[in-house]
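What follows is each chain in one-letter form.
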Amino acid sequence: MASILDPQARGRFILVGAGPGDPGLLTVRAVEALKRADVVVHDGLIDLRVLDLAPADAHRISVAKQRARHTLPQEAINALIVAHVRTGSIVVRLKGGDPFIFGRGGEEVEAVRAAGLPVEVIPGVSAALGCAAEAMLPLTHRDHSSAVSFVAGQCKGMADQDWSGLAGKGRTLVIYMGVATCPDIADKLMADGVAPDMPVAVLEKGTLDGSRAMKTLLADLGPMVEREKVQSPAIIVVGEVVDLSDAADKLARWAKMAAAAA
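Reading the values: the criteria
- Position labels on residues start from 1 in each chain and follow its written sequence.
- Where local features are concerned, this predicted model is filtered to residues with pLDDT of at least 70; where side-chain atom pairs are given and counted, the filter is 80 or more; whole-chain, interface and lining totals use all residues.
- As a convention, hydrogens and water are excluded, and side-chain values are obtained from all of the structure's heavy atoms.
- Secondary structure elements follow DSSP: runs of H or I no shorter than four residues count as helices, runs of E no shorter than two count as strands, and numbering proceeds from the N terminus.
- When a residue's accessible area, from a 1.4 Å probe over protein chains only, is under 20% of the maximum for its type it is buried; when over 50% it is exposed; and in between it is partly exposed.
- Residues count as neighbours in contact if any of their non-hydrogen atoms are within 4.5 Å of one another.
- Reported accessibility uses the Shrake-Rupley method at a 1.4 Å probe radius. Residues are deemed covered only where the shown protein chains occlude them.
- To qualify as a nonpolar core, a set must consist of buried Ala, Val, Leu, Ile, Met, Phe, Trp, Tyr and Cys residues joined through side-chain atoms within 4.5 Å.
- The criterion for strand pairing is that DSSP finds at least two bridges linking the strands in question.
- What the arc measures is the spread of directions leading from the helix axis to the C-beta atoms.
- Here the term patch refers to residues with relative accessible area over 30% and no salt bridge, with like charges joined within 9 Å and nonpolar side chains (Val, Leu, Ile, Met, Phe, Trp, Tyr) within 5 Å.
- A pair is scored as a salt bridge if a Lys or Arg side-chain nitrogen falls within 4 Å of a carboxyl oxygen belonging to Asp or Glu.
- Lines fitted to C-alpha atoms define the axes, with helix axes restricted to the stretch in contact, and inter-axis angles between N-to-C directions lie between 0 and 180 degrees.
- If an angle is under 35 degrees, it is roughly parallel; if it is over 145, roughly antiparallel; if it lies from 65 to 115, roughly perpendicular; otherwise it is oblique.
- It is the rotation of the near helix from the far one that decides the hand of a crossing: anticlockwise by less than a right angle makes it left-handed, clockwise makes it right-handed.
- Just so you know the grouping, Ala, Val, Leu, Ile, Met, Phe, Trp, Tyr, Cys and Pro go in nonpolar, Asp, Glu, Lys and Arg go in charged, and all remaining residues, Gly too, go in polar.

(A) Highlighting the overall build of the protein chain. Check the secondary structure of the protein chain and you find eight helices and 13 strands. Within the protein chain, the proportion of its 262 residues that are buried is 47%. Of the contacts formed within the protein chain by residues at least 6 apart in sequence, a portion of 68% connects residues at least 24 apart. For the protein chain, the computed accessible surface area is about 12,500 Å², with 54% contributed by carbon and sulfur atoms.

(B) Representation of the nonpolar core within the structure. Counting 23 residues, the largest nonpolar core has Leu173, Ile175, Leu189, Val202, Leu221, Ile236 and Val238 as its most contacted members. Breaking this core down by element, the ones donating at least two residues are strand E9 (170–176), helix H6 (182–191), strand E10 (199–204), helix H7 (221–227) and strand E12 (234–238). Of the residues forming this core, the biggest block, four residues, is contributed by H6. Apart from residues lying up to four places away in sequence, Leu221 is in contact with Cys182, Ala186, Val200, Val202, Thr216 and Ile236. Judged by nonpolar contacts, the second largest core, of 18 residues, contains Val40, Ala54, Ile90 and Ile122.

(C) Quick peek at the sheet that holds strand E13 (residues 248–249). The six strands are arranged E8-E9-E12-E10-E11-E13 in an open sheet whose pairing can be described as mixed. Sheet topology places strand E8 (145–152) and E13 at the edges, where each strand pairs with a single neighbour. Where E9 and E12 come together, four bridges link them in antiparallel fashion. Within E12, the position partnered with Tyr176 by the bridge is Ile235.

(D) Up close: helix H1 (residues 28–35). Residues Ala30, Ala33 and Leu34 constitute the buried set of H1. Along the long axis of H1, the arc covered by the buried residues comes to 100 degrees, so they all point the same way. Opposite the buried face of H1, at more than 90 degrees from it, the exposed residues are Val28 and Lys35. Looking at the buried residues of H1, the elements they touch are strand E1 (12–17), strand E2 (39–42), helix H2 (48–51), strand E6 (90–95) and strand E7 (119–122).

(E) Local environment of a nonpolar patch on the surface. On the surface, Phe102, Val148, Phe150 and Met177 cluster together to form a nonpolar patch covering roughly 300 Å² of accessible area. Within the element layout of this structure, Met177 appears in the loop between E9 and H6. Look at Met177 and you get partly exposed, because its relative accessible area is 34%.

(F) Structural detail: the packing of helix H3 (residues 74–86) against helix H4 (residues 105–114). For the pair H3 and H4, interaxial distance at closest approach is 9 Å and the crossing angle is 45 degrees. Viewed along their axes, H3 and H4 adopt a mutual orientation that is oblique. Crossing of H3 against H4: the hand is right-handed. For the pair formed by H3 and H4, the contact residues are Gln74, Ile77, Asn78, Ile81 and Val82 on the first element and Glu107, Glu108, Ala111 and Val112 on the second. The residue inventory of the contact of H3 with H4, partitioned by class, reads five nonpolar, two polar and two charged.

(G) Structural context of helix H5 (residues 127–134). Buried within H5 are the following residues: Ala127, Ala128, Gly130, Cys131 and Ala132. Packed against the buried residues of H5 are E8, E9, E10 and E12. Count one or two residues on from H5 and you reach Met136, which has phi positive near 55 degrees.

As structure tokens, this is what we get:
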């Protein structure tokens, strides 16, 4: 069977992880796929330098999503992809980070396979890995953490999810899409037994121009995000490994505020 990256093999869907932002973090295979694309369906946060890797005449379609406001519902995106593949186009679907980590990539693959069309998935550097690396923050460490978990901070039914045991001594928790709900996240974790003074890092716009890495305590997560006017995209890392990072330390300010409140 022809390789899915064979330019002669038409009518194909290639789901590509675009990494956390910096084009230098794309895989070689992702670049090869982009160069052969007839249609590029992409998220709103994909760097323009990544999109420029596709042929100039490739049809670029943004399906940007923001909190509570989507350009197209997911079902319509699935139908759009299937329709273009059926015309014989090589359709590259670009998703930030890795497409199988909170990217709904699984839903799109299911839709295309259900239509009987060929699919390839090219993984990408996840936001968690890329942003943590930039901040010199190891998500696991022999002396500090033997486990790491990923959760979504604004997925369906957050209040009903059981996060107990995911953060704490010897464990690291990485929270995607948590900026808007970070006060609730902090309350939830503390209610589940995580210490209020557990180190937390907020990694904003990782690997992109204007990126920031900030460190505080769990009890100060919501106030710090508000003080620093943190904006998405950003990830939150909870765990002792945060103290190993290059994140700018906001703890002194928090301690001063706590002392004044007392």
